[in-house]
Each structure stands twice: as structure tokens, then as C-alpha cells.
Amino acid sequence: MNSASNIRIGFCTPQKFMLPGTDRILTDACETATYAARLAARAGFDYMEYNVAYLMSLRPDALDALCRINRTLDTPIETANGYFPVGLSLYRNSWTEIEDYVAESLRRMALLGVDTVVFGSGNARNIPDGMDTEQASVILTRFLHLLLHYCRNHGVTPVIEPLNHHDCNCLCTLADGADFILRNDLSDLFLMADSFHMHIENESTDHLTRYASLIRHIHICDNDRHFCGRTDREHPDAFLHALISSGYCSRISLECIYDSFPADLSAAASYLQKHLH
């Protein structure tokens, strides 16, 4: 069987929705998750990807309600990204603040049923002007070992996301990420490949095969960050072809700008299903 047949598709869900044909905006975590899951199931998606910073903002009662709802959904929340909130920095915040955040975020993700978490968070890992890069590397490595510790305790797989140089000034390519993992003995830390960031960095899709043993998660969109499937846009066909050729057989999450959420979601699912099956 072609490995592509085993690939499951999901999407990064927004935290609020404007209901079509109304002025009503859904903001309640349970309502938005239920609404998004219904649309996702109708379009043919398998799961949803949540935002960690938003998850951390929920009151305990809202968190409990979301966890209960998630267990009933046909397309449940299984993965998470958007790890740190805007304003938190690995280099400026205290270690106590960071460790408390990591511990609580992994506790919440485990309760929700998340089994894979993406660490992108360009603002948090962006090296401040004037900081020595070696010093920054030591701090980042220390943080990743901390993240690994809590992930192991909760059965969650961490993946680091290389971000293009406009969004972050370190670990911008799969090659950068793989080298960092291997040099710093970060076993059990894996890579996520994002078609948009690879396009911006002009990174060869051959790297999807070269680093296949480390790649555990995928984000995809058109090359202008819109949803896959727009007829007037440049699609990530070459990325998908190379990904399938690499033997990848896990999850692919749509991470994009939506123009009209329900319609765009359906078009993106059709595009992915056409290329994967």
C-alpha cells in the first residue's frame, strides 16, 4: 500500500468564527470546537490542531468542558501548535516562568488528548539583538530538554518547526533543525516541515527525504499562505510529491489564511485528498 494512503489530514482551527449569514461570532471554546469539527467532518478531515496559548488562557471549568466535548467529536483535537503567547521570550522571561508554563501546558494538552505538539513560536525563540548566538543556543537547548522531559511524562511527541528568516532568526530550515537536534543530544525531539516556510527559504524538497527519519508532522498551504486549492494560486504540488516519495505516512495539518472558512476548508480537503489518494 502506498504510504500516502495512511496519511491523515487535519487543520489548524481558529479560536473564533463568524457564522455565515449572521452577525454572530462564536468565541466559546466548546462551541467553536463543535462547529469546526462538524465542518471538518463534512469536508473529509480527520482531526483538528489547537492553539496552545489559547488553551492556556481557558479557565479550569472551560478546560474541563472542552476536554469532555473533544472526546465526543468525530474529528477531535489531536495536535497543537502556537506554543507560547506573544510577549514571552526564552531569553528574557525567568526560568521559573518558563518551566511553570511548560508543566501546565503539557498537563492541559494531555487532558485534552493531544499527542503531538509543535514548537514554532518565532517571537519566543528569536535571538535578541546583541545576544551572543552561543549563549542563545545554550538557552534554547536547555528549554528543549525541559520540554522533552514534560512531553515524555505526558506521552506527547514534541516537534520543532523551522521558521523562515522573516519570522525567526534561528533554525530556519529543516537542515538547521536536524543539525541542532543531533548536535545537542535531543533524542525524542523531532522536526515538522512546513511547505510555506520551506518555500520562503527556497529549501529543497529533497530535504523531506534526507531528514525523513526526523520528520513527524507537516503543515501545508499554498505558497502565499492561503488555503490549498485556489485556482489562481501556486499550489504546493512539488512539496506533496516529494513528501509522498519520502515515505511519510503520518499527519498533515492545513495552516493557512481563510477567505471563507467553510468553503475554503472543503476546497483544501478536496485538494489534499486528490493528491494523497
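The structure under discussion appears in the preceding block.
Now for a look at the structure at hand. (Residues numbered from 1 in each chain as written. Predicted model: local features only at pLDDT ≥ 70, side-chain atom pairs only at ≥ 80, totals over all residues. Heavy atoms only, no water.)

### Examining the pattern of salt bridges
At step 1: A complete count under the given rule lists ten salt bridges for this structure.
At step 2: Close ionic contact of aspartate 61 with arginine 59 constitutes a salt bridge, the shortest N to O distance being 3.2 Å.
At step 3: By relative accessible area, aspartate 61 is classed as partly exposed at 47%.
At step 4: We classify arginine 59 as exposed; its relative accessible area is 55%.
At step 5: Where glutamate 255 meets arginine 225, a salt bridge forms, and the shortest distance between an N and an O atom there is 3.2 Å. With glutamate 255 in the loop between strand E10 (251-254) and helix H11 (261-276) and arginine 225 in the loop between strand E9 (215-220) and helix H10 (237-245), this pair connects stretches of sequence that are 30 residues apart. The pair formed by glutamate 255 and arginine 225 is uniform in burial state, with each residue classed as buried.
At step 6: Taken together, the salt bridges that share partners define one network made up of Arg8, Glu78, Asp115 and Arg251. (Salt bridge = Lys/Arg side-chain N within 4 Å of Asp/Glu carboxyl O. Buried < 20%, exposed > 50% of the residue type's maximum accessible area, 1.4 Å probe, protein only. Helix = DSSP H or I, 4+ residues; strand = E, 2+ residues; numbered from the N terminus.)

### So, the side chain of threonine 75
At step 1: Its place among the elements puts threonine 75 in the loop between helix H3 (60-70) and strand E5 (77-81).
At step 2: The class of threonine 75 is buried, set by a relative accessible area of 2%.
At step 3: At 3.1 Å, the side chain of threonine 75 forms a polar contact with the backbone oxygen of alanine 37.
At step 4: Discounting residues that sit within four places of it in the chain, threonine 75 has contacts with Ala37, Ala40, Ala41, Phe45, Asp46, Tyr47 and Met48. (Polar contact = N/O pair within 3.5 Å; in protein donor to acceptor, adjacent residues only side chain to side chain. Contact = heavy atoms within 4.5 Å.)

### Points about helix H6 (residues 133-154)
At step 1: Here H6 is 22 residues long and its end C-alpha atoms lie 31 Å apart, about the 32 Å a rise of 1.5 Å per residue gives.
At step 2: Considered for burial, the residues of H6 that qualify are Ala136, Ser137, Leu140, Thr141, Phe143, Leu144, Leu146, Leu147, Leu148, Tyr150 and Cys151.
At step 3: Structurally, H6 contributes buried residues whose contacts are with helix H4 (95-112), strand E6 (116-119), strand E7 (157-160) and helix H7 (174-183).
At step 4: By the N-cap criterion, in which a side-chain oxygen at the helix start approaches the backbone nitrogen of a residue two or three places on, H6 is capped by aspartate 132, the distance to glutamate 134 being 3.0 Å.
At step 5: Glycine 155 lies just past H6 and shows a positive phi near 70°. (Expected span 1.5 Å × (residues − 1).)

### Focus: the packing of H10 against H11
At step 1: The N-to-C vectors of H10 and H11 enclose an angle of 45°; their axes lie 10 Å apart at closest approach. What the angle tells us is that H10 and H11 run oblique. Crossing angle aside, the handedness with which H10 passes H11 is right-handed. Contacts between H10 and H11 involve Asp237, Leu240 and Ile244 on the former and, on the latter, Tyr271, Leu272, His275 and Leu276. (Axes fitted to C-alpha atoms, helices over the stretch in contact; angles between N-to-C directions. Parallel < 35°, antiparallel > 145°, perpendicular 65-115°, else oblique. Left-handed = near helix turned anticlockwise from the far one by under 90°.)

### Notes on the packing of H4 against H6
At step 1: The interhelical angle for the contact between H4 and H6, taken along N-to-C directions, is 30°, at an axis separation of 10 Å. As the angle between them shows, H4 and H6 are arranged roughly parallel. Taken as a pair, H4 and H6 cross one another with a handedness that is right-handed. Contacts between H4 and H6 pair Trp95, Ile98, Glu99, Val102, Ala103, Leu106, Arg107 and Ala110 from the former with Arg142, Phe143, Leu146, Leu147, Tyr150, Cys151 and His154 from the latter.
At step 2: Residues of the contact of H4 with H6, tallied by class, amount to eleven nonpolar, one polar and three charged. (Nonpolar A, V, L, I, M, F, W, Y, C, P; charged D, E, K, R; others polar.)

### Here's the deal with the environment of aspartate 115
At step 1: Looking at the secondary structure, you find aspartate 115 in the loop between H4 and E6.
At step 2: Sequence-wise, aspartate 115 and alanine 80 are 35 residues apart; in three dimensions their C-alpha atoms are separated by 8.4 Å.
At step 3: Among residues more than four places away in sequence, those in contact with aspartate 115 are Glu78, Thr79, Gly155, Val156, Thr157 and Arg251.
At step 4: Among the polar contacts made by the side chain of aspartate 115, one reaches the side chain of arginine 251 at a distance of 2.9 Å.

### Section: the sheet that holds strand E8 (residues 190-194)
At step 1: Taken together, eight strands build a closed barrel; the order of strands is E1-E4-E5-E6-E7-E8-E9-E10 and the barrel is parallel. Taking the axes of each pair of neighbouring strands and ignoring which way they run, one obtains an average angle of 30° across the sheet.
At step 2: Sheet topology note: the E9/E10 ladder contains two bridges and is parallel. The residue of E10 that forms the bridge with histidine 219 is serine 253. (Pairing = 2+ DSSP bridges.)

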